[in-house]
Amino acid sequence: MSTPSPTPDPIVAIATGYMGAKQLFAASRIGLFAALADGERSAGEIATATGVTPRMARILADSMAGLGLLTRTDGRYVLGADAAGYLAGQKSSELDLGPFLTFLNEVSYGHWLQFDRTVDTTEPGVLDTSGERWGTFMAGVMTYTSLHARMLGGAFDFSGFRNLLDLGGLSSAFAFEALRANPGLRAAFVYDPTFADSIAEQVAQAGFADRAEVTGTPTDTATPSGPYDLVMVNHVIHRFGVEQNRSILRNARAAAAPGARLLLLDFFLDDDAEQRAIDALHAGEYLVIDGTVVYEESEVRAWLDEAAWKPVGKLALPGSPRVLVAEAV
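The structure contained in this document is the topic of the report that follows. On a predicted model such as this, the values are computed, not experimentally measured, just so you know.

**Let's talk about the packing of helix 2 (residues 17-30) against helix 7 (residues 98-111)**
Then, number 1: Where helix 2 contacts helix 7, the two axes come as close as 9 Å, and the packing angle between them is 125 degrees. In terms of orientation, helix 2 lies oblique with respect to helix 7. Relative to helix 7, the crossing made by helix 2 is left-handed. Each of Y18, K22, L24, F25 and S28 in helix 2 lies in contact with helix 7, whose residues at this interface are G98, L101, L104, N105 and Y109.
Then, number 2: Across the contact of helix 2 with helix 7, the residue classes break down as six nonpolar, three polar and one charged.

This is the structure in structure tokens:
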């Protein structure tokens, strides 16, 4: 068997990735994708619709076409399916990821200029959340989290469950997906007190007040009463230390009925033949942003075993974290 000849293509693609990212951010910011929501346009028509010069419109549209988000035929551009689903604006897209791209552009991208220091010291950078940046940060994070919830809603069957515990999360979106999918399901939100009031308001606005309760208590010491047949621990473990996570999983198990399912959603460093790139990239993002940890999957599985949770599956959500599925034993 011959050895494949080396090629510089993947190296160059990775090294110039920031160019595509910045042009994606710009295309979203000027409304290029929204301008194509109603049909095909030329570069000149995109320029008129977005207020940039024809030269700039051509550069951005060609880049987005080259990256697979648009198609170009005879000088006219059309949204690809992915862009139509997630970039064409709130009225046209399934979920508009624009606020997430704004966060990446205005907060995360510049913050990564501190990454060399993080590499040398294993310390996070200094995060500036002054002025409007905190609002941009939260809007981006919550939008990205909403994507995770939708992907989970499409990947897991919520039917048949009766009582859901959503423990320590940051977003009501995950439980809302479950409640919409299963009209017979009830949910208990046990969140940090700083989030409890806003979660209660979201529950009421979503029309789930008669099927949900909200309790404010610190996540690492919460001891919910059960029994629950479905437990969610979403975007929790990267925010806590090892002993805190062990305690959280033990307390979640104590609240679970025998045979209950646990959905543990987060990014993980795995030991698979090929590491999933998005998880490893977020290990760097979490560290440089605020020092939080993307743990090794093998370590997390050990915590599950210690807490009497038996791993029974793993879901890789598109563009999102993975979910370790476990059973209460």
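**So, the sheet that holds strand 9 (residues 309-316)**
Then, number 1: Spatially, 6-5-4-7-8-10-9 is the arrangement adopted by the seven strands of the open sheet, whose pairing is mixed. The open sheet is flanked by strand 6 (212-216) and strand 9, the only strands paired with a single partner. Direction aside, neighbouring strands of the sheet carry axes that sit 20 degrees apart on average.
Then, number 2: Across five bridges, strand 5 (residues 186-191) lies against strand 6 in parallel orientation. Residue A188 lies in a different strand from strand 6, and its bridge partner there is E213.
Then, number 3: Sheet strands in contact with helix 11 (residues 193-205) are strand 5 and strand 6, and its direction is about 165 degrees off that of strand 6.
Then, number 4: Packed onto the sheet, helix 12 (residues 242-254) meets strand 4 (163-167), strand 7 (228-234), strand 8 (256-266), strand 9 and strand 10 (322-328) and runs at close to 145 degrees relative to strand 8.

About the criteria used
- Residues numbered from 1 in each chain as written.
- Predicted model: local features only at pLDDT ≥ 70, side-chain atom pairs only at ≥ 80, totals over all residues.
- Heavy atoms only, no water.
- Axes fitted to C-alpha atoms, helices over the stretch in contact; angles between N-to-C directions.
- Helix = DSSP H or I, 4+ residues; strand = E, 2+ residues; numbered from the N terminus.
- Parallel < 35°, antiparallel > 145°, perpendicular 65-115°, else oblique.
- Left-handed = near helix turned anticlockwise from the far one by under 90°.
- Contact = heavy atoms within 4.5 Å.
- Nonpolar A, V, L, I, M, F, W, Y, C, P; charged D, E, K, R; others polar.
- Pairing = 2+ DSSP bridges.

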